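# Working through the structure, step by step
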Protein chains: 2
Amino acid sequence: MIKYSNGQNFKEKEQKSRKSSVKTANFSYGNRGMSLEDDINISNDYYRRNGLCLVTKRPTPINVVSVDYSKGAIITNAYFEKQSTTDYNGVYKGRYIDFEAKSTIKTTSFPLANISKHQIEHLKNVLFHGGIAFFIIEFAKLNQVFLLDASYVINFFEKEQRKSIPYSKIVENGFEVKKGYAPRLNYLEVIDKIYVKT
Amino acid sequence: MIKYSNGQNFKEKEQKSRKSSVKTANFSYGNRGMSLEDDINISNDYYRRNGLCLVTKRPTPINVVSVDYSKGAIITNAYFEKQSTTDYNGVYKGRYIDFEAKSTIKTTSFPLANISKHQIEHLKNVLFHGGIAFFIIEFAKLNQVFLLDASYVINFFEKEQRKSIPYSKIVENGFEVKKGYAPRLNYLEVIDKIYVKT
């Protein structure tokens, strides 16, 4: 799930934007006009259709409390659970890839507040088992997207006092992901460069 | 999602078992006392804790229609979507693994009715990109579990007239998965034997 680095999450954002406390709209939780997520999903579709790699988005985990079967199976009470893994995983040239995508409106640093310990543990496990693990980080106001290896973020998360990674460090240690028409975000080009050297 | 080979799905099963049409219980959709799924989840926990492999279950996709924010974020209207991929994927020795788990109460064949075309397409894609793809098939009444390579099932699905794979074919082409205490279902042993020869 992509959250907002300024502390606003989906819930707060939605609450502010409407008067009624009950939202009724035909949306799926995974598609809320968040451009980074959209860009990645569309890029993944492009990669899949062109036989380049297969990356899927994990559905948002939802805990279902009650279901009404009188009109089919309508869920009438449920709540969102925190994603304990990451948003995306898949396969490229036989190898396992796993990543989390985050967008920030900050321009000088990437806050770690929305990365959970569970996600850090998950990514450590991925690396331990030989998978490719990284973050895709968008600086929305700068119109820049970077791919940053998970090991760098894990190390920063665990060893540094700072609660955010400076932009300069991301430029230095990450790789900028080119934006285009198709794919919108060519992160596979970066994977080729740094992980799957041919 | 594990479905029932006799055509009963979760919904029908639940409908038959209760008088009221509205179900209210503290359950998660992924954990409904289905022993094969439980066995796999517990085995995956065992593998993860012991650093053997990392396999996670994809959450059931749910389409959220409305959310009530007056008491936190309570989903008040939503419905289950069909899983277009598979239940499980993960990483083992750097390689991508992906599988679907199905249980049947039949004793002479495994019905293909609950495998969707989307899942077949997904597994074909996994194989195309060099991933390890298979089915874990339980014959519940026989107390037997088999691992069957996805290519066999895909071929059967696409080329055979029959709507079910005979038990004898599964015995012949699959590999029995040993049951034990920890892990409950040692499917990694089979992966080692047939995919990751060392």
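All of the points below concern the structure found in this document. (Residues numbered from 1 in each chain as written. Chains lettered and ligands numbered in written order. Predicted model: local features only at pLDDT ≥ 70, side-chain atom pairs only at ≥ 80, totals over all residues. Heavy atoms only, no water.)

### Some thoughts on the pairing of strand 8 (residues 132–139) of chain B
Taken residue by residue, a regular strand's side chains alternate between the two faces of the sheet. Residue and element names in this part refer to chain B. Burial runs high along strand 8: eight of the eight residues are buried. The two faces of strand 8 match: Ile132, Phe134, Ile136 and Glu138 on one face and Ala133, Phe135, Ile137 and Phe139 on the other face are all buried. The sheet contact formed by strand 6 (residues 95–104) and strand 8 spans eight bridges and is parallel. The partner of Asp98 across the bridge, within strand 8, is Ala133. Two elements, strand 8 and strand 9 (residues 144–149), share six bridges in a ladder whose sense is antiparallel. Within strand 9, the residue paired with Glu138 across the bridge is Val145. Count of turn residues in the strand 8/strand 9 antiparallel hairpin: four residues, of which Asn143 carries a positive phi of about 55 degrees. (Buried < 20%, exposed > 50% of the residue type's maximum accessible area, 1.4 Å probe, protein only. Helix = DSSP H or I, 4+ residues; strand = E, 2+ residues; numbered from the N terminus. Pairing = 2+ DSSP bridges.)

### Topic: the side chain of Ser43 of chain A
Relative to the assigned elements, Ser43 of chain A resides in helix 2 (residues 35–49). Discounting chain neighbours no more than four positions away, the residues touching Ser43 of chain A are Pro183, Arg184 and Leu185 of chain A. (Contact = heavy atoms within 4.5 Å.)

### Some thoughts on helix 4 (residues 150–159) of chain A
Residue and element names in this part refer to chain A. Regarding helix 4, the residues found buried are Ala150, Val153, Ile154 and Phe156. End-on view of helix 4: buried residues confined to an arc of 165 degrees, all on one side of the axis. Where helix 4 is buried, its residues contact helix 3 (117–128), strand 8 (132–139), strand 9 (144–149) and strand 10 (164–166). (Arc of directions from axis to C-beta.)

### Notes on the environment of Phe80 of chain B
Assignment of secondary structure puts Phe80 of chain B in strand 4 (residues 74–80). When the C-alpha atoms of Phe80 of chain B and Ile137 of chain B are compared, they prove to be 23 Å apart, with 57 residues separating the residues in sequence.

### Some thoughts on unusual backbone geometry
Going from Ala182 of chain A to Pro183 of chain A, the amide bond is cis rather than trans, its omega being 0 degrees. Structurally, Pro183 of chain A is set in the loop between strand 11 (175–176) and helix 6 (187–194). With a phi close to 55 degrees, Asn143 of chain A is a non-glycine residue in the positive phi region. Of note, Asn143 of chain A is situated in the loop between strand 8 and strand 9. Classification of Asn143 of chain A by relative accessible area gives exposed; the value is 51%. In this structure, Lys93 of chain B takes a positive phi of about 50 degrees despite not being glycine. With respect to the element layout, Lys93 of chain B can be found in the loop between strand 5 (88–92) and strand 6.

### Topic: the packing of aromatic side chains
Each aromatic ring pair is described using two quantities: the centre-to-centre distance and the angle formed by the ring planes. Residue and element names in this part refer to chain A. In total, this model carries 23 aromatic pairs over all chains according to the counting rule given. Linked through ring pairs, Tyr46, Tyr47, Tyr88, Phe99, Phe134, Tyr187 and Tyr195 together constitute an aromatic cluster. Above the face of the Tyr88 ring, Lys57 is positioned so that its terminal group lies 6.0 Å from the ring centre. (Phe/Tyr/Trp six-rings, centres within 6.5 Å; stacked < 30°, edge-to-face > 60°. Lys NZ or Arg CZ within 6 Å of the ring centre and 35° of its normal.)

### Some details on the pairing of strand 4 (residues 74–80) of chain A
The pairing of strand 3 (residues 62–68) of chain A with strand 4 of chain A spans six bridges and is antiparallel. From the neighbouring strand, Val67 of chain A faces strand 4 of chain A, where its bridge partner is Ile75 of chain A. The turn joining strand 3 of chain A and strand 4 of chain A, which pair antiparallel and follow one another in sequence, is formed by five residues; a positive phi near 80 degrees is taken by Gly72 of chain A. Relative to strand 4 of chain B, strand 4 of chain A is paired through four bridges, and the arrangement is antiparallel. What sits directly across from Ile75 of chain A, in strand 4 of chain B, is Ala78 of chain B.

### Concerning the pattern of salt bridges
Residue and element names in this part refer to chain A. Here the structure, examined in full by the defined rule, presents 19 salt bridges over all chains. Taking the shortest distance from any N to any O, the salt bridge between Asp39 and Arg184 comes out at 2.9 Å. Residue Asp39 is located in helix 2, and its partner Arg184 is located in the loop between strand 11 and helix 6; the two are separated by 145 residues in the primary sequence. The partner of Arg48 in a salt bridge is Asp45, with the nearest N and O atoms 3.3 Å apart. In this pair, Arg48 and Asp45 are both assigned in helix 2, three residues apart and thus about one turn of the helix distant. You can call Arg48 partly exposed: its relative accessible area is 36%. Counted as one network, the salt bridges with shared partners bring together Glu121, Lys124 and Glu158. (Salt bridge = Lys/Arg side-chain N within 4 Å of Asp/Glu carboxyl O.)

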